[in-house]
Structure formats: structure tokens, C-alpha cells
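Commentary on secondary and tertiary structure
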Amino acid sequence: MKNKRLFFIALINFIAMGVNLLTFAILSNLVGAESFGIFQLILANLQILSILAIPGLLPATTQSTARGFEGTFRQNLKFSLFALSFFSIALLLGSNFFELSTILVVLDYIDIWILLLAIFLIFSLKQWVSFQNGKGRYLLTNSIQLISRILFLVCVTYSAYKNFVDIELILIFYIISFGLINIFGIFLSKVKNKKIEQGSLKFGITTTIAETPSLISNQVEKIILGASSLLSDLGLFALISSLAESAKGFMQSIITTKTPDLARGNFQQLFRKEMFSIYVFFLLLFVSLSFAIEPIINYFFPALNSKNYMFLIFLSLIFSIPTMSLLTYLKAKLSQTYILNIQISSAIFRTLLAIFLIPAYGFYGAVLGVVIYRLFQFICASIFTYLFILHHEK
């Protein structure tokens, strides 16, 4: 039964990966590489600004709910909304004293109110996913989130049919597609008890602080490409890197289901039993898909030499998939210090790579920087996981 559920979760996320790629392909063909780059720049800024909603509360809610403290869900949701409101007011008041567009380049293309609305609907209200995952309903959350991706695909396809090329309208479609699903998820999440776990808020805040460098550095290539006015390169980078990111997200959804086992069991035993076989299977699957999707990429962007990039995707996946396993283990063990060391060192290294490589090599500098960063992050995660096991597991 457990393996059957895991199969369906994998299948749903595999479909979601295909939907994402198809959506990006249609959208990039509709608006062109440069406008698609602007859209990706907006999404990159949204990811960074999601810090305002205290994203560390998401794993905190999952863990507390799994331990029977279902009232923590409402507490963390309210705190996330309060934090977002507070920081939004501060941001808007600050705009009276300095030009926000000097910090957020994306404000040259979109209004700040739309960005804040997107953070509210897409990130703050996502607490329901963590609540349901804490109750073990991974199949439910993945199925509902797939619907949001399909809704956005329908909106993009309709825009292509009607020849709508307004980036702001596309972004509104994006917010509606994911926001409506989150609102539905909130109403779907019924709390059976009001017990609140002490320390959940503190854990969520400290996790946010620990992951902030990583949240920012994950978007650094897009931000630097956008700030350098290399919007076409940004569009190409976003389209092709979406394959690796979709594969990562797919694998992460599978690894996340192992969090309770990782929290209770011995890492070395679990890795030998399950994680290694999962890693090898999905690595082979993703490598095959990387080469299979090459004709699609060449169709939309014939000037791009995708063969070189497919090789780099292969290298990226070799390093990123086991890194996710190691980080998930440390999170399950609540090892904040070790996670913080990995996140900060990796974020600094990735930022430095982007600063030096992108101005010189543009698109290929961004791609190469990501691969080198993944290798560095894997080395860091391996070292700190070994140190944790050495001191805390026998």
C-alpha cells in the first residue's frame, strides 16, 4: 500500500514536470525570449520576497502536525499573514523615502501591489500544504497542486490562442491559478484539535533565517542576467534550467515522504535500503528525459546548442539529488546549525560564481556556475552530514 501510494505521488509529479515544461515552452514561444526573461525575472523576485511570509513556518507546521499538534497550523498561518502585512507596510512606507526599483529591478515591469498580492496568495496561504503533509496526505496535496499547474497551462494556452502577449496579464493568470487552489486548500484543512506545539514559531523563524541566503542565491543568476539587461539570455536560461528544476522538484516530493522515517531511523541504514535505489532509478530516468526533450528545446530556440546543456544537466542532477537527501535528513533531525553552515557557505559561493562568470560569458556562464555550485553544495552537505552522524548517531 505504501509503495503504491509512492508510485502515484511519483506519477503525479512526473505529470506536473511535463505540464511545467509545456507551459514554459508555449509561453516563451508566445512572448519571445526577452519577454519570457522578464516574466522569469518577476518570478525570481517573488521567490526572494517570499521571505516576508516566513517560509520556514512551512516545515514547522508539517512537523508539529505530524506530532499531533494540529492547532499549530492556524497559529503559523496567522503569524505568516501578520509578518507579511507588517513587512509590506514597512516596504510601502519605505518607498516614500527611496526608490524601490533601485533594489528591485523588476518594479520597472510590474507594480509592487501585484507582487505583494502574489506573495499572500501563493506563499502565505501555502500553509495548508504543510498541514496536510503533516497528516501524511501527500497524494492529496500533490494532486491539488497539479490542478493549479494545469490551470495556468490552460490560461497560457488561451493567451496563445487569443494572441495576448501582455506580461502583466500572464502574471495575473499565474497568481489566480495558484492562489485559488491555495484558498481552496485552506478551506479544505479542518483542524481536529487546537493543541499548539511550543517552539514551532521559533523553529520556523530560525529556519527562515537559515534558508534566506539559499532563497536569494537560488535566484542570483536570473537577477544578475536581468540587471545586466541580458533578458534574452535570462529567458533561455530559465527555459532550459526548468528541466533540471522540475526534476529536482519531482525528486524532492519523493524524498519529502521519507522525512518521518529519516526523523526516527538511522540514516545509514535507510540510505542503504531505499534512498540509494531511489537515487539511481530517478537519475537514469531524468538523464533519459534530458536527452529526449532536446528536440523540443531546439524547436523553440534553434540557435541554442542544447547538447552541451544536456550534458551539464546530467552533471547537475548527479550532485543535486543526493544533496537533497542529505539536507532532508538534517532537517528531519532539526539540525539547524549544520543546515545554516551549508546554506550560507553554498549561497556565498554561488553568488561569487554568478558575479564573475555571467558578465564574461552570459548564458553559458550562468549554466556553468550552477553546475559548479551543485558540486560544491554536495561536498558541503556530505561533510556536515558526516559530522552530524559522527557526533549524534552510533
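Calculation notes
Residues numbered from 1 in each chain as written. Predicted model: local features only at pLDDT ≥ 70, side-chain atom pairs only at ≥ 80, totals over all residues. Heavy atoms only, no water. Helix = DSSP H or I, 4+ residues; strand = E, 2+ residues; numbered from the N terminus. Contact = heavy atoms within 4.5 Å. Areas by Shrake-Rupley, 256 points an atom, 1.4 Å probe, with all protein chains shown as cover. Expected span 1.5 Å × (residues − 1). Buried < 20%, exposed > 50% of the residue type's maximum accessible area, 1.4 Å probe, protein only. Core = buried A, V, L, I, M, F, W, Y, C linked by side-chain atoms within 4.5 Å. Salt bridge = Lys/Arg side-chain N within 4 Å of Asp/Glu carboxyl O. Axes fitted to C-alpha atoms, helices over the stretch in contact; angles between N-to-C directions. Parallel < 35°, antiparallel > 145°, perpendicular 65-115°, else oblique. Left-handed = near helix turned anticlockwise from the far one by under 90°. Phe/Tyr/Trp six-rings, centres within 6.5 Å; stacked < 30°, edge-to-face > 60°. Lys NZ or Arg CZ within 6 Å of the ring centre and 35° of its normal. Patch = residues over 30% accessible without salt bridge, like charges linked within 9 Å, V, L, I, M, F, W, Y side chains within 5 Å. Lys, Arg positive; Asp, Glu negative; His and termini not counted. Charge placed at Lys NZ, Arg CZ, Asp CG, Glu CD. pLDDT = per-residue confidence, 0-100. Nonpolar A, V, L, I, M, F, W, Y, C, P; charged D, E, K, R; others polar.

**Describing the overall build of the protein**
For the protein, the count of helices and strands is 15 helices and zero strands. In the protein, 85% of the contacts between residues at least 6 apart in sequence involve partners at least 24 apart. Of the accessible surface of the protein, which amounts to about 18,100 Å², a share of 68% is contributed by carbon and sulfur atoms.

**Looking at helix H3 (residues 71–94)**
The end-to-end C-alpha distance of H3 is 35 Å, a good match for the 34 Å that 24 residues give at a rise of 1.5 Å each. Turning to H3, its buried residues number three or more, namely Gly71, Thr72, Phe73, Asn76, Leu77, Ser80, Ala83, Leu84, Ser88, Leu91 and Gly94. Taken together, the buried residues of H3 touch helix H2 (57–66), helix H4 (112–122), helix H5 (127–134), helix H7 (167–188) and helix H8 (200–217).

**Here we look at the side chain of Asn133**
Position of Asn133 among the secondary structure elements: in helix H5. For Asn133, a relative accessible area of 13% gives the class buried.

**A short note on the environment of Leu125**
Topologically, Leu125 is positioned in the loop between H4 and H5. With 72 residues separating them along the chain, Leu125 and Ala53 place their C-alpha atoms 9.4 Å apart. In this structure Leu125 touches Leu77, Leu81, Phe120, Asn182, Ile183 and Ile186, once residues within four positions along its chain are discounted.

**With respect to the nonpolar core**
Counting 56 residues, the largest nonpolar core has Phe39, Leu46, Ile119, Phe152, Leu171 and Tyr174 as its most contacted members. Contributions of two or more residues to this core are made by helix H1 (2–49), H3, H4, helix H6 (138–162), H7, helix H9 (220–227), helix H10 (231–256) and helix H15 (336–392). Examining the composition of this core, we find that 12 residues originate from one element, H1, more than from any other. Counting 10 residues, the second-largest nonpolar core is a separate cluster that includes Leu330, Ala381, Phe384 and Phe388.

**As for H5**
By the criterion of burial, H5 is predominantly enclosed, with eight of the eight residues buried. Gln127, Trp128, Val129, Ser130, Phe131, Gln132, Asn133 and Gly134 are the residues of H5 that are buried. Buried residues in H5 make contact with H2, H3, H6 and H7. With its phi angle positive at about 85°, Gly136 sits one or two positions after the end of H5.

**Observations concerning the pattern of salt bridges**
Tallied over the full model, the rule gives three salt bridges. We note a salt bridge from Glu197 to Arg67, for which the minimum N-O separation is 3.0 Å. Remark: Arg67 occurs in the loop between H2 and H3 and Glu197 occurs in the loop between H7 and H8; sequence separation between them is 130 residues. Judged by its relative accessible area of 45%, Arg67 is partly exposed. A salt bridge links Glu221 to Arg350; the shortest N-O distance between them is 2.8 Å. Of this pair, Glu221 sits in helix H9 while Arg350 sits in helix H15, and the two are 129 residues apart along the sequence. The pair Glu221 / Arg350 is uniform in exposure class, with both members buried.

**Description of the packing of H3 against H8**
Between H3 and H8, the least distance of the axes is 10 Å, while the angle of their chain directions is 45°. The pairing of H3 with H8 is recorded here as oblique in orientation. For the crossing formed where H3 meets H8, the hand is right-handed. Residues Thr72, Gln75, Asn76 and Phe79 of H3 form the contact with H8, whose own contacting residues are Ser200, Leu201 and Ile205.

**Let's talk about the packing of aromatic side chains**
Under the definition given, this model contains nine aromatic pairs. With 6.4 Å between their ring centres and 45° between their planes, Phe79 and Phe82 make a pair best called tilted. Here the residue Phe79 and the residue Phe82 both occupy positions in helix H3, the gap between them amounting to three residues, near one helical turn. Ring plane angle 70° and centroid distance 5.4 Å describe the contact between Phe86 and Phe87, whose orientation is recorded as edge-to-face. Of the aromatic side chains, those joined through ring pairs into one cluster are Phe39, Phe152, Tyr174 and Phe178. It is Lys195 that lies over the ring of Phe69; its NZ or CZ is 5.6 Å from the centre.

**Description of a nonpolar patch on the surface**
Residues Leu340, Ile344, Ile348, Leu352, Ile355 and Phe356 make up a contiguous nonpolar surface patch of about 550 Å² in total accessible area. Mapped onto the fold, Ile348 is located in helix H15. Look at Ile348 and you get partly exposed, because its relative accessible area is 48%.

**Re a positive patch on the surface**
Residues Arg74, Lys78, Lys190 and Lys194 make up a contiguous surface patch of positive charge. Note that Lys78 resides in helix H3.

**Considering unusual backbone geometry**
For Ile54, which is not a glycine, the phi torsion comes out positive at approximately 55°. Mapped onto the secondary structure, Ile54 falls in the loop between H1 and H2.

**Section: the confidence of the model for the protein**
Per-residue pLDDT for the protein averages 77, and the proportion of residues at 70 or more is 72%. The lowest-confidence element of the protein is helix H11 (residues 259–264), averaging 52 in pLDDT; the highest-confidence one is H5, averaging 89.

**Here's the deal with the packing of H3 against H4**
Where H3 contacts H4, the two axes come as close as 11 Å, and the packing angle between them is 170°. Considering their axes alone, H3 and H4 lie roughly antiparallel with respect to each other. Seen from H3, the contacting residues are Leu81, Leu84, Ser88, Leu91 and Leu92; seen from H4, they are Ile112, Trp113, Leu116, Ile119 and Phe120. Looking at side-chain class alone, the contact of H3 with H4 contains nine nonpolar, one polar and no charged residues.

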